[in-house]
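Inside the fold
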Amino acid sequence: QVQLVESGGGLVQAGGSLRLSCTASGRAFTTYTMAWFRQAPGKEREFVAFITSDGSTSYVDSVKGRFTISRDNAKNTVALQMNTLKPEDTAVYYCAAVPFPYYHTTNPANYNYWGQGTQVTVSS
């Protein structure tokens, strides 16, 4: 069992940056693949990025080159650095975890644990 708490959302102008952070409680953080998803109003939850226990990463095409996912296994945290933000990045961002260390999956149904979400709003 793991609990996830996100922080770092807010309002930013287009072209700006935000850094989201997710802190996981519980043990064995290194055995989890961690991910970020987002959900805009009226849309389905969308994969943004994942990072495996050994640091392998994957991103949705729309954020490649702008977003960076990272993790600190000593601090039980995963971060999402978001640069050059666009209005279409506006959404609630969720941290997610699955108890397999090297699970390459972008399907939200495969993630067992979710945070409460943090709002990111990018103004034009």
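Residues numbered from 1 in each chain as written. Predicted model: local features only at pLDDT ≥ 70, side-chain atom pairs only at ≥ 80, totals over all residues. Heavy atoms only, no water.

**With respect to the packing of aromatic side chains**
Overall, the coordinates contain eight aromatic pairs when judged by the stated rule. Here Y94 and W114 contribute two aromatic rings whose centre-to-centre distance is 6.4 Å and whose plane-to-plane angle is 80°, an arrangement assigned as edge-to-face. With a gap of 20 residues between them, Y94 in strand β9 (residues 91–98) and W114 in strand β10 (residues 113–114) connect regions that are remote in the sequence. For R45, the ring lying beneath its charged end belongs to Y94, and the centroid distance is 3.8 Å. The lysine or arginine in question, R45, covers the ring of W114, its NZ or CZ lying 4.7 Å from the ring centre. (Phe/Tyr/Trp six-rings, centres within 6.5 Å; stacked < 30°, edge-to-face > 60°. Helix = DSSP H or I, 4+ residues; strand = E, 2+ residues; numbered from the N terminus. Lys NZ or Arg CZ within 6 Å of the ring centre and 35° of its normal.)

**Considerations on the sheet that holds strand β3 (residues 18–25)**
What the four strands build is an open sheet, ordered β1-β3-β8-β7; its pairing is antiparallel. Either end of the sheet is taken by a strand with one partner, and the two such strands are β1 (3–7) and β7 (67–72). With strand direction ignored, the average angle separating the axes of adjacent strands in the sheet is 15°. Bridge count for β7 against strand β8 (residues 77–82) is six bridges, and the pairing is antiparallel. From the neighbouring strand, D72 faces β8, where its bridge partner is T77. (Pairing = 2+ DSSP bridges. Axes fitted to C-alpha atoms, helices over the stretch in contact; angles between N-to-C directions.)

**Looking at the side chain of N76**
You can see N76 is positioned in the loop between β7 and β8. Residue N76 is classed as buried on the basis of its relative accessible area of 19%. Of the polar contacts made by the side chain of N76, one reaches the backbone oxygen of G26; its length is 3.5 Å. Discounting residues that sit within four places of it in the chain, N76 has contacts with C22, T23, A24, G26 and F29. (Buried < 20%, exposed > 50% of the residue type's maximum accessible area, 1.4 Å probe, protein only. Polar contact = N/O pair within 3.5 Å; in protein donor to acceptor, adjacent residues only side chain to side chain. Contact = heavy atoms within 4.5 Å.)

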